[in-house]
Amino acid sequence: MKQTIQDTSDEVLIAAALNGSLTAWNALVRRHERQVYNFSLRFTGNPDDARDLMQEVFLGLYRNLENFRGQSQLTTWLFRIGHNKAVDMARRRQAGPVVTTLDDEVHAEVPQADDEAELPDRHLQEQQSNARIQRVLQQLPVEQRLVVELKIFQELTFDDIAEIESISANTAKTRFYAALKKLKSLLESTP
């Protein structure tokens, strides 16, 4: 049975990319781009900034690919790069939180309704709810926002988050629960 590029492990693709295979590099990017884009979008709140951040993450990966030792999953390493690039981006913008704009690229999955007329209303309500959550997330400090992103949206463990952010697992937990408390307060106080 012939193995397809989709069935090839990240480690094999990395080795091939390091040997000059553009096909392997493209396969790595395609495999992880959605996850990196979603991370970037939730961090920046803006599709254009998210694409810029995603590009920086993959550029960082490309420049440092030979340093990947396989001691963790590639996604963990990608989020480490993403974390560093996101912090750099936030520092460059020192003007405060990023303004959230949402367009067609950010949308919730449309639930099934018995009455087709209900679908547009439900979809609109979900979009408004997602936009509200995005606005509130943007109000969190960068460290807390990154922990929330990695824990909730990327479903990483506190140990993985600690590795990515070069902090202890207890610090990751503290930031996460402090962020949840602040999110709750912000959601209760904003319409």
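Up top you'll find the structure we're talking about.
This is a predicted model, so every value here is computed, not measured. (Residues numbered from 1 in each chain as written. Predicted model: local features only at pLDDT ≥ 70, side-chain atom pairs only at ≥ 80, totals over all residues. Heavy atoms only, no water.)

Student: Would you mind going over the nonpolar core with me for this structure?
Tutor: The nonpolar side chains of soluble globular proteins are, as a tendency, buried together. Within the largest apolar cluster, 49 residues are counted, with the highest numbers of intra-cluster contacts made by Leu 61 and Leu 74. Contributing elements (two or more residues each) for this core: α1 (10-18), α2 (22-44), α3 (47-64), α4 (74-92), α5 (118-138), α6 (142-153), α7 (158-165) and α8 (169-189). Leave out the neighbours within four places in its chain, and Leu 61 touches Trp 25, Leu 74, Trp 77, Leu 78 and Ile 81. (Core = buried A, V, L, I, M, F, W, Y, C linked by side-chain atoms within 4.5 Å. Buried < 20%, exposed > 50% of the residue type's maximum accessible area, 1.4 Å probe, protein only. Helix = DSSP H or I, 4+ residues; strand = E, 2+ residues; numbered from the N terminus. Contact = heavy atoms within 4.5 Å.)

Student: When you look at the pattern of salt bridges in this model, what are you seeing that I'm missing?
Tutor: For side chains bearing opposite charge, pairing can occur when the charged atoms are close. In total, this model carries six salt bridges according to the counting rule given. Residues Arg 51 and Asp 48 are paired through a salt bridge, measuring 2.5 Å at the closest nitrogen-oxygen approach. Here Arg 51 pairs with Asp 48, and both are found in helix α3, just three residues apart, close to one helical turn. On the basis of relative accessible area, Arg 51 is assigned to the partly exposed category, the value being 33%. (Salt bridge = Lys/Arg side-chain N within 4 Å of Asp/Glu carboxyl O.)

Student: Help me understand the packing of aromatic side chains in this model?
Tutor: In total, this model carries six aromatic pairs according to the counting rule given. On the numbers, 5.5 Å between centres and 55° between planes, the contact of Phe 39 with Phe 79 is tilted. Of the two residues, Phe 39 sits in helix α2 while Phe 79 sits in helix α4, which places them 40 residues apart along the sequence. Both residues of the pair, Phe 39 and Phe 79, count as buried. On the numbers, 5.2 Å between centres and 75° between planes, the contact of Phe 176 with Tyr 177 is edge-to-face. An aromatic cluster of three or more residues is present, and its members are Phe 158, Phe 176 and Tyr 177. Arg 145 extends its terminal NZ or CZ atom over the ring of Phe 43, reaching a point 4.5 Å from the ring centre. (Phe/Tyr/Trp six-rings, centres within 6.5 Å; stacked < 30°, edge-to-face > 60°. Lys NZ or Arg CZ within 6 Å of the ring centre and 35° of its normal.)

Student: Explain the environment of Leu 28 here, please?
Tutor: Inspection of the secondary structure assignment puts Leu 28 in helix α2. For Leu 28, a relative accessible area of 1% translates into the label buried. A sequence separation of 19 residues divides Leu 28 from Ser 9, and the C-alpha atoms of the two residues are 9.4 Å apart. Apart from the residues within four sequence positions on either side, Leu 28 is in contact with Asp 10, Leu 13, Ile 14 and Leu 74.

Student: I keep staring at the side chain of His 32 and nothing clicks. Help me out?
Tutor: Along the polypeptide, His 32 turns up in helix α2. Leave out the neighbours within four places in its chain, and His 32 touches Asp 10, Phe 58, Leu 74, Thr 75 and Leu 78.

Student: Looking at this structure, how should I read the packing of α4 against α6?
Tutor: When two helices pack together, you describe them by how their axes are tilted relative to each other and by the distance separating the axes. α6 packs onto α4 with a crossing angle of 150° between their chain directions and a minimal axis gap of 11 Å. Accordingly, the angle class assigned to the pair α4 and α6 is roughly antiparallel. Relative to α6, α4 is oriented so that their crossing is right-handed. Of α6, the residues touching α4 (which contributes Phe 79, His 83, Ala 86, Val 87 and Ala 90) are Val 142, Leu 146 and Leu 150. (Axes fitted to C-alpha atoms, helices over the stretch in contact; angles between N-to-C directions. Parallel < 35°, antiparallel > 145°, perpendicular 65-115°, else oblique. Left-handed = near helix turned anticlockwise from the far one by under 90°.)

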